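Inside the fold
Here are the chains, one letter per residue:
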2 protein chains.
Amino acid sequence: MKIDLDRSKEPSLREQICAGIAERIRSGLLQPGEQLPSVRQLAQDLGVSLMTAVQAYGLLEKRGLVESVQGRGTFVRERAIATEASGDPFGWQLAIGDYLPRASFWSQSAVRLPPEILDLATASIHHSLLPLPLLEASIQSALKQAPQSLGRYAPFQGDPEFLAVVAGYLQRQGLSLSTHQLIITNGTQQGIDLFARTFLGPNDVLAMEAPAFSGAIDAFRLSHGHIVPVPVDREGIRLEILEDLSLQMRIKAIYVVPTYQNPTGSVMSLQRRKALIDFAVAAGALILEDEPHRELTLADKGTGRLPPPLKALDPDGRVVYLKGFSKFLFPGLRLGVLAADGALYRRLLAAKSIVDLGSPLWLQKALVPFFQNPQLPRYIDRLNSILLQRSRQVADTLSRRLSPAIRWQRPQGGMHLWVTLPPFLDADSLLPEAHRRGIHFLPGSIFYPGEPESNHLRICWTNLADAELPGALECLCDVLNEAVR
Amino acid sequence: MKIDLDRSKEPSLREQICAGIAERIRSGLLQPGEQLPSVRQLAQDLGVSLMTAVQAYGLLEKRGLVESVQGRGTFVRERAIATEASGDPFGWQLAIGDYLPRASFWSQSAVRLPPEILDLATASIHHSLLPLPLLEASIQSALKQAPQSLGRYAPFQGDPEFLAVVAGYLQRQGLSLSTHQLIITNGTQQGIDLFARTFLGPNDVLAMEAPAFSGAIDAFRLSHGHIVPVPVDREGIRLEILEDLSLQMRIKAIYVVPTYQNPTGSVMSLQRRKALIDFAVAAGALILEDEPHRELTLADKGTGRLPPPLKALDPDGRVVYLKGFSKFLFPGLRLGVLAADGALYRRLLAAKSIVDLGSPLWLQKALVPFFQNPQLPRYIDRLNSILLQRSRQVADTLSRRLSPAIRWQRPQGGMHLWVTLPPFLDADSLLPEAHRRGIHFLPGSIFYPGEPESNHLRICWTNLADAELPGALECLCDVLNEAVR
């Protein structure tokens, strides 16, 4: 077992080990009934004393997370530890260490739940609202015109024809980029991961919003970089805190979701955007800008009034930009795009070539007509007017039914709603009851790169069918109101 | 700049730094004319003395790889260093370190060459020989039956229906696996990378064949694990050398391509397979088995006489198995599968969820009818009889035209031919002449995880059209024969 330990500071090593193992248990990497390494093995793996290992297990036991069984070892707690566990043919795998600090997406995914659960967790738009007929027509046309692309590899950066239509699309979003600045990725998540692997290691500091997209936290943690959370306010990441930090440490990179931040929904102001770039230039830091929701604006007049992407303000190739299409166009195809400049671009492209040799050529060819279709902008406008209506229903229901002790904000765009419970409540502990009643949401704790706040939760109000949403929201209100009482 | 240094042993630190930078220059991560970090920056990044950094740059300069310019710094050498270089708006990126040790695939890819070059490097089968009509029919049928899958995410491990047909396919290859042992990946390359990231870190030893698949070397190097090359003979990886090694160090994992090894084409015997597994059990090591070519057998009676995959002999969930489909079915779709057991499976699945949230659902749905099509096995038989004929033509041409001082083996299967020049020749240095004459091949040096042997090259004889291959082979023979004379 590998746990990143910081020997220079508080909390103590035993506390750090306890927290690391607790995170693995919570995220499902260690399953109920699974045996932990012996204290001797743990001490050796982590380079700590036997006493520290014993104390760490003691803390975990005191917190009810593990149970030690006389003569057999220490196990992740469950109602009853199966006595057959020692007959597990794969038991030897226990001694094989790994480098996975957490995997919140995996543990929280609704995929593991029964299909009848109403899913307020997954960040997607119900398929009835997606441009499936445009996609089908595009695929049909590619089958006729580019069948050979089924039998060929793509260039690592992507198919030139696809890159050109994507560049055209980005142009309409306010970003002038050439195809030589673009790399096609398997969704935004791969873009985050490529950045993390290329630029972050154990001695590098990454500053990121807190709370933040949990998948990004997972990818950054896997790079073993040092992650520093920076709180967000209504205008985005708090610069004065970033500035204080930079007096204490060298910040290598800053990760932000400036437009409809995930999970809070806040939009970084133009002034803050400019100041963030000035800060990055002064600090010699990179910026990773993740913008999956720009198109999903609930303002009356489209994206016109949104401040431009940071990448459009980039003075010197400092911003690496990520655009995902899974959120509102085609989750079933998993393609996104990364934009960067200069040596940063070359290194990210080399990383892409190492991790999977490039994204599927045929999928890219199959999407060329889609991005050229003049109906695409009209589809997005129509989608936004449907979502605007839906967001009003959501706001009505919550205003009417939710206890005034529970805070939330009317969404301006994107697909999330961040709900804050009174401080004494723990959203994780409400999940079992929610599941019993037939709904699923994401507990806020997984959105914190550092010390979690547990009195929040995130719901996605675009994932369910029209007919399912009202019931799911009412059920959510009931669960939360009862907890408050 | 990040270079993995081993402070405990030979060669000296300055030699290691020189070798690390040389590898980056050769693999194109550092481009001609690009500025290197200052010696002060380098010394700080790597935690070495200023003197060591100065000496490392001195070695690079002596070897003609870099040039230092009075008052400006040290630059990767090219014919003339552009004096505008200092006006580069991205020059500040120089100070941003990265973690990419090498990217051979990226640097050697024929994608960078002019399109008229005849490509004997890319390991693929000419698209006219691939089952494109079966694929088109399958996609058409999925468009009708599963359009909603365009608008949905897949479970991280893959679509259950697709996993089931893949399990059926593997069954016919001699592997009985349930869908709960499988994870769909973006080609084999992603499977290698998932394994490397999950299980390898700076303190872990990975033993691998030498020479070996260059993309695997890149992925293992990116994990910063300690890679130990083990020579192969005609029966595969040399066990007595592995055994010697295991007396000196704890081997965590072993990577092998047992069936039609890349690049040598050797097939590991059944006896060696069993002994390798026994060794791994005794050493407590994992085995990563990569099997992209099993189906491509040139023996008369199909795959029947091949020894079974290591995974079929796996006693205790020790073998992680990778099957790629890009080589002979659909390079344009980039899907492969990984098989594992127990906690190893869970950890690899968590890693997959972190790196890209799963492979595209719709592609998987689009391939279900393809794998169910009874014509698929017939297609593979027909392909093999075409390849058998082609391999005879290749062997005829080489026997007839190639100098007897050059050694090669008649292929038994797979798609590669490993050519050995007399020891005084360097295949890398023949590439410019080959390009001038209109062909491209892979120099053998990129296939070595440790110290490279430079007198080999790999050609792929399945990538060109029927009409192009004879001319390309004759041109290759001319280039090699002239070098020998």
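What counts, and at which threshold
- Residues numbered from 1 in each chain as written.
- Chains lettered and ligands numbered in written order.
- Predicted model: local features only at pLDDT ≥ 70, side-chain atom pairs only at ≥ 80, totals over all residues.
- Heavy atoms only, no water.
- Domains from an automatic or database assignment.
- Helix = DSSP H or I, 4+ residues; strand = E, 2+ residues; numbered from the N terminus.
- Contact = heavy atoms within 4.5 Å.
- Buried < 20%, exposed > 50% of the residue type's maximum accessible area, 1.4 Å probe, protein only.
- Expected span 1.5 Å × (residues − 1).
- Pairing = 2+ DSSP bridges.
- Right-handed = clockwise from strand over helix to strand, strands pointing away.
- Buried area = accessible area lost by both parts, 1.4 Å probe.
- Salt bridge = Lys/Arg side-chain N within 4 Å of Asp/Glu carboxyl O.
- Nonpolar A, V, L, I, M, F, W, Y, C, P; charged D, E, K, R; others polar.

As far as domains go, chain A holds domain 1 (13–99), domain 2 (108–123 + 377–484) and domain 3 (132–373). The distance between the C-alpha centroids of domain 1 of chain A and domain 3 of chain A comes to 38 Å.

This brings us to the environment of His127(B). Inspection of the secondary structure assignment puts His127(B) in the loop between strand 3 (118–119) and helix 5 (132–145). In this structure the C-alpha to C-alpha distance between His127(B) and Val165(B), which are 38 residues apart in sequence, comes to 24 Å. Those residues in contact with His127(B) that lie beyond four places of it in its chain are Gln148(A), Gly151(A), Arg152(A) and Leu132(B).

Turning to unusual backbone geometry, a few remarks are in order. With an omega dihedral of 0°, the bond running from Ala210(A) to Pro211(A) counts as a cis peptide bond. If you check the backbone angles, His224(A) has positive phi at about 65° while not being a glycine. Relative accessible area serves as the criterion here: at 15%, His224(A) is assigned to the buried category. Even without a glycine there, the phi angle at Tyr260(B) is positive, about 55°. Examined against the element boundaries, Tyr260(B) turns out to sit in the loop between strand 8 (251–256) and helix 10 (270–283). Owing to a relative accessible area of 3%, Tyr260(B) belongs among the buried residues under this scheme.

Okay, helix 7 (residues 187–199) of chain A next. Under the 1.5 Å per step criterion, the end-to-end length of helix 7 of chain A is 19 Å for 13 residues, consistent within 8% with the ideal 18 Å. Counting buried positions over the 13 residues of helix 7 of chain A gives 13, a clear majority of the element.

On to the pairing of strand 8 of chain B, then. Residue and element names in this part refer to chain B. Counted residue by residue, strand 8 has six buried out of six residues, so it is predominantly covered. One ladder, built from four bridges, connects strand 5 (residues 205–210) with strand 8; its direction is parallel. Within the sheet, the bridge partner assigned to Leu 206 lies in strand 8 and is Ala 253. The pairing of strand 8 with strand 9 (residues 286–290) spans four bridges and is parallel. Considered in strand 9, the bridge of Ile 254 is made with Ile 287. What joins strand 8 to strand 9 is helix 10, and the crossover it makes is right-handed.

A few words now on the interface of chain A and chain B. Listed as interface residues are 86 residues of chain A and, on the opposing side, 85 residues of chain B. Between chain A and chain B the total buried area reaches about 7,600 Å² when both faces are included, carbon and sulfur atoms providing 64% of it. Summed over the three residues of chain A that lose the most area to chain B, namely Tyr153(A), Arg197(A) and Ile354(A), the buried surface amounts to 10% of that side. Where chain A touches chain B, the interface holds six salt bridges. One salt bridge connects Asp193(A) with Arg197(B), and the closest N-O pair in it is separated by 2.7 Å. Contributions of two or more residues to the side of chain A that touches chain B are made by helix 4 (104–108), helix 5 (132–145), helix 7, helix 8 (214–222), helix 11 (342–356) and helix 12 (361–372) of chain A. For the side of chain A that touches chain B, the element with the most residues is helix 11 of chain A, which contributes 12 residues. Considered class by class, the residues forming the side of chain A that touches chain B number 43 nonpolar, 24 polar and 19 charged.

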